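Residue-level structural notes
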Amino acid sequence: MVRLPFDDEHAPLYSVGQVADMLNVEQAFLRRLDEHDVVRPARSSGGQRRYTRHEIGDLQDAIQLIGEGMTLAAVRRIFVLQQQVNDLREELARERAARREYG
């Protein structure tokens, strides 16, 4: 069966207007998150922002954190630290698997 782009959570499919409508925020707010490196969507060949489903989830998280009083810099730092934790978990899982394999 052929996988379609919308099956891939990392496919950049959604415009800034569509995402703003989904999340009930202003387009300018999404552009500001991009400018401050909180969530950086891909760009179409015409330079338009295109968001993935994964990035929309990140935007939801950012909106919640901002609603709790976090600054954009704090949200960006939280996202960086979360990625580092995820990377370390993956590395640990690989090390454990290799250790089991080689006894």
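Refer to the preceding data block for the structure.
What comes next is a walk through the structure. Given the structure is predicted, the values throughout are model-derived calculations rather than measurements. Numbering of residues starts from 1 in every chain and runs along the sequence as written. Local features in this predicted model are restricted to residues of pLDDT 70 or higher, and side-chain atom pairs are both shown and tallied only at a pLDDT of 80 or more, whereas totals for entire chains, interfaces and linings draw on every residue. Note that water and hydrogens are dropped before the side-chain values are worked out from all heavy atoms of the structure.

Describing helix α1 (residues 16–23)
- Remark: exposure states derive from per-residue accessible area (1.4 Å probe, protein chains only) relative to the maximum for the residue type, with buried under 20%, exposed over 50%, and partly exposed in between. Numbering goes from the N terminus for both helices and strands, where a helix is a DSSP run of H or I of at least four residues and a strand is a run of E of at least two. Listed as buried for α1 are V16, G17, V19, A20 and L23. Buried residues in α1, looked at end-on, bunch into an arc of 165°, giving them a common side.
- In the stretch just after α1, N24 is the one whose phi turns positive, near 55°. This arc is taken over the directions from the axis of the helix to the C-beta atoms.

Some thoughts on the side chain of T52
- The topology assignment puts T52 in the loop between β3 (49–51) and α3 (53–67).
- Only heavy atoms enter the contact rule, under which two residues are in contact if any of them lie within 4.5 Å. Setting aside residues up to four positions removed in sequence, T52 forms contacts with E9, H10, A11, P12 and Y14.

Brief notes about the nonpolar core
- By nonpolar core is meant a set of buried Ala, Val, Leu, Ile, Met, Phe, Trp, Tyr and Cys residues that side-chain atoms within 4.5 Å join together. By size, the foremost hydrophobic cluster in this structure holds 17 residues, and its most contacted members are V19, L30, V38, Y51, L59 and F79.
- The residues contacting L30, other than those within four sequence positions of it, are V16, V19, A20, V25, Y51 and L59.

A closer look at the sheet that holds strand β1 (residues 14–15)
- Strand order in the open sheet formed by three strands is β1-β3-β2, with antiparallel pairing between adjacent strands. Two strands close off the open sheet at either side, each with one partner strand: β1 and β2 (42–43).
- Sheet topology note: the β1/β3 ladder contains two bridges and is antiparallel. Each residue of the ladder has a partner; that of S15, found in β3, is R50. Pairing between strands is defined by DSSP: at least two bridges between the two strands are required.

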